[in-house]
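Fold and contact review
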Amino acid sequence: MLKRVFMLLCALVALSLSAMAQSADTQNPRKAMQDLAKKYEDSKNITSAVLVKGSGLELMKVMLRKEFSKDVIKGVDMIIIVEYADATESEASVIRSEVANLAKGLEKAELPEDEKPKAKHLDTYYKLNADKKSMSDMIILMEDDEQRCVMYFGGVIRDESLLEE
């Protein structure tokens, strides 16, 4: 009898540890975005790329300097892009839902109207660092008539316009 109770307690502890590990993964936007990109890497309608040092990150940062200042992206050490312009509406809806789900622990940026790009749908989420002067994660979901994509920036991101209150 004591052996069964002990076995039951061990099983419950193992299950709770497993549940804690899974919830920790959903709280990590970097890991969640990597999983999202990996999920669609073999899709016909959806293109994804994970860029890190040595695999196109620096080239992408140079290209993004038109949109972001050098200081903003200087500390970025990972960029993930999921492009789904050719996806069906149901696939696009799933991606939007997945991004909204993984962004639950992040803050949503409200950009001033004059700074918003012309897009039908634009959401920007970020994780504010303890110093309140930088972010460690930023997700941008943008859709318009010709383009639909999700971009993730990981590392140290400094963008005063987003951090102004």
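Note: the structure precedes this text.
These notes cover the structure that comes with them. (Residues numbered from 1 in each chain as written. Predicted model: local features only at pLDDT ≥ 70, side-chain atom pairs only at ≥ 80, totals over all residues. Heavy atoms only, no water.)

**Here's the deal with the pattern of salt bridges**
Under the criterion given, the structure shown has eight salt bridges. As a salt-bridge pair, Glu58 and Lys61 come within 3.9 Å of each other at their nearest N and O atoms. Here Lys61 and Glu58 lie together in helix H3 (residues 57-64), a separation of three residues that amounts to about one turn. Residue classification places Glu58 among the partly exposed positions, given a relative accessible area of 45%. Judged by relative accessible area, which is 6%, Lys61 ranks as buried. (Salt bridge = Lys/Arg side-chain N within 4 Å of Asp/Glu carboxyl O. Helix = DSSP H or I, 4+ residues; strand = E, 2+ residues; numbered from the N terminus. Buried < 20%, exposed > 50% of the residue type's maximum accessible area, 1.4 Å probe, protein only.)

**Some details on the pairing of strand E4 (residues 121-128)**
Pairing analysis gives three bridges linking strand E3 (residues 107-109) to E4, with the strands arranged antiparallel. Directly across from Glu107, in E4, lies its bridge partner Tyr126. In this structure, E4 lies alongside strand E5 (residues 135-143), joined through eight bridges in antiparallel fashion. In the sheet register, Asp123 faces E5, and the bridge partner there is Leu141. Hairpin connection between E4 and E5: a loop of six residues separates the two successive antiparallel strands, and Lys132 in this loop has a positive phi of roughly 60 degrees. (Pairing = 2+ DSSP bridges.)

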